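# Structural features, examined
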Amino acid sequence: MTGAELGVAISVFLACAVEAVEALTIVLALGTTRGWSSALAGAGAAVVALAALVAGLGPALTSLPLDVLRVIIGGLLLIFGLQWLRKAVLRWAGLKEMHDELLAFEEETEIARSHAPAASSFDGYAFTVCFKGVLLEGLEVAFIVLTVGANQHRLDLAAAAAALAVLVVVAAAAAARAPLARVPENTLKLLVGVMLTSFGMFWSAEGAGADWPGGEVALLAMIPGVILCAWAMATGLRRATSDAWDPAAAVRR
Amino acid sequence: MSYVARAGGAVWRFVAGDDWRLALGVAIAIGLVALLVEVSVNAWWLMPVAVPALLWVSVSHAARPRGRP
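This section reports on the structure supplied with the text. (Residues numbered from 1 in each chain as written. Chains lettered and ligands numbered in written order. Predicted model: local features only at pLDDT ≥ 70, side-chain atom pairs only at ≥ 80, totals over all residues.)

Okay, the overall build of chain B next. When helices and strands are counted, chain B shows three helices and zero strands. For chain B, the succession of helices and strands along the chain, N to C, is α-α-α. Whereas a compact globule of 69 residues would reach a radius of gyration of roughly 11 Å, chain B reaches 16 Å, over 25% beyond that. Taken along the three principal axes of its C-alpha coordinates, chain B extends 45 × 35 × 15 Å. Burial status across chain B gives 29% buried among its 69 residues. (Helix = DSSP H or I, 4+ residues; strand = E, 2+ residues; numbered from the N terminus. Rg over C-alpha atoms; globule rule 2.2 N^0.38 Å. Buried ≥ 20, exposed ≤ 12 C-beta atoms within 10 Å, placed from the backbone.)

With 30 residues of chain A in contact, the opposing surface of chain B contributes 29 residues. Those elements that place two or more of their residues in the side of chain A that touches chain B are helix 3 (66-92), helix 7 (185-207) and helix 8 (218-244) of chain A. The element that contributes the greatest number of residues to the side of chain A that touches chain B is helix 3 of chain A, accounting for ten residues. Its residues placed into classes, the side of chain A that touches chain B shows 20 nonpolar, seven polar and three charged. (Contact = placed C-beta atoms within 7 Å. Nonpolar A, V, L, I, M, F, W, Y, C, P; charged D, E, K, R; others polar.)

As a further point, take helix 4 (residues 101-114) of chain A. At 3.6 residues per turn, the α-helix brings residues three or four places apart onto the same side. Residues and elements named next belong to chain A. Across its 14 residues, helix 4 extends 20 Å between first and last C-alpha, which sits within 8% of the 20 Å expected from 1.5 Å per residue. Along helix 4, the positions that sit buried rather than exposed are Phe-105, Glu-108 and Ala-112. Here the buried residues of helix 4 occupy an arc of 70° about the axis, which is enough to place them on one side. For helix 4, the exposed residues lying more than 90 degrees away from the buried face are Glu-110, Arg-113 and Ser-114. (Expected span 1.5 Å × (residues − 1). Arc of directions from axis to C-beta.)

We now examine the nonpolar core. Residue and element names in this part refer to chain A. Counting 101 residues, the largest nonpolar core has Val-12, Val-27, Val-89, Cys-130, Val-145 and Ala-230 as its most contacted members. Sort the elements by how many residues they give to this core and helix 1 (residues 3-34) lands first, with 18 residues. Apart from the residues lying within four places of it in its own chain, the contact partners of Ala-230 are Leu-85, Ala-88, Val-89, Leu-190 and Val-194. (Core = buried A, V, L, I, M, F, W, Y, C linked by C-beta atoms within 7 Å.)

Here the focus is the packing of helix 1 of chain A against helix 6 (residues 155-176) of chain A. For any two helices packed against each other, the geometry comes down to the angle between their axes and how far apart the axes lie. Residue and element names in this part refer to chain A. Remark: helix 1 packs on helix 6, axes separated minimally by 7 Å, with the N-to-C direction vectors making an angle of 40°. Relative to helix 6, the element helix 1 lies oblique. Our pair here, helix 1 against helix 6, has a crossing hand that is right-handed. Where helix 1 abuts helix 6, its residues Glu-5, Val-8, Ala-9, Val-12, Phe-13, Cys-16, Ala-17, Ala-20, Val-21, Leu-24 and Leu-28 lie against Leu-157, Ala-158, Ala-161, Ala-162, Leu-164, Ala-165, Val-166, Val-168, Val-169, Val-170 and Ala-173. (Axes fitted to C-alpha atoms, helices over the stretch in contact; angles between N-to-C directions. Parallel < 35°, antiparallel > 145°, perpendicular 65-115°, else oblique. Left-handed = near helix turned anticlockwise from the far one by under 90°.)

Further remarks concern helix 1 (residues 3-16) of chain B. For helix 1 of chain B, which comprises 14 residues, the first-to-last C-alpha distance of 20 Å matches the rise-based estimate of 20 Å (1.5 Å per residue) to within 8%. Where helix 1 of chain B terminates, the next one or two residues include Gly17(B), which has phi positive at roughly 65°.

Let us look at unusual backbone geometry. All names here are of chain B. Residue Ser-40 is not a glycine yet carries a positive backbone phi of 65°. For Ser-40, the position within the fold is in the loop between helix 2 (20-38) and helix 3 (46-63). A count of 6 C-beta atoms within 10 Å places Ser-40 in the exposed class.

This is the structure:
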């Protein structure tokens, strides 16, 4: 396995693990309050839909010329990575609430209880909420699997890393019998943002025709460089906002 | 609204996320790299300059409180 392939596997694993933790919280909340069969059926249907998306679009993507593929994929990864990094910097600076799985679980449970119970053994509400929750949480991961996998022509590796992440998260939740509140989600999200941004910069510039000094070795400088930038921005923002205004008043983040 | 327009809107929201400036900025940065490469400038350095700048613009905009210019 090359260094870039290892980076692909780690990025996909981390991204998928984070989203799987959030999707699992929804399924757990619905399963414990409304019944497991419909909740699991909804989650399963969403996983099948996501797998079909990857299987359907994967071959089409890998058939594109490499430079075109790298510009499209690098650009998309860079946009996704910057979105993840943006939220991470805002959380780091204290301008956005840290994601709390226990709180999310309690909120989902409360909402699920407030709806009328199912009239038959099939609970349409639980099925729909779980399907939608898993599909939405998984959609970005499916695109990450598709893009980084297609770019390295290792869709198999990316899909395996994603599947492994789901298995690890489900096994951990089954062992804990509770939402995975102790997973350092906010740190993982920062790392995913850093990896996606670094790979996105690398591939999009290469696709546009530029050559990085040292080739893939440049990634070894880009990854710590992106972390340093994020840290510097978070520190600067924290100082500026604590002196100048109340962070709670900040608009949509 | 037509199905195509709704689907297009959903794709745009999915790609642009919370801040459309990032998507636009990334597209411009990649376009500039391609243009510079066309005139024989190996513009790999543009990305490490443009990306932190884009991120800074986005987070500082998000940190701005309601009502402040």
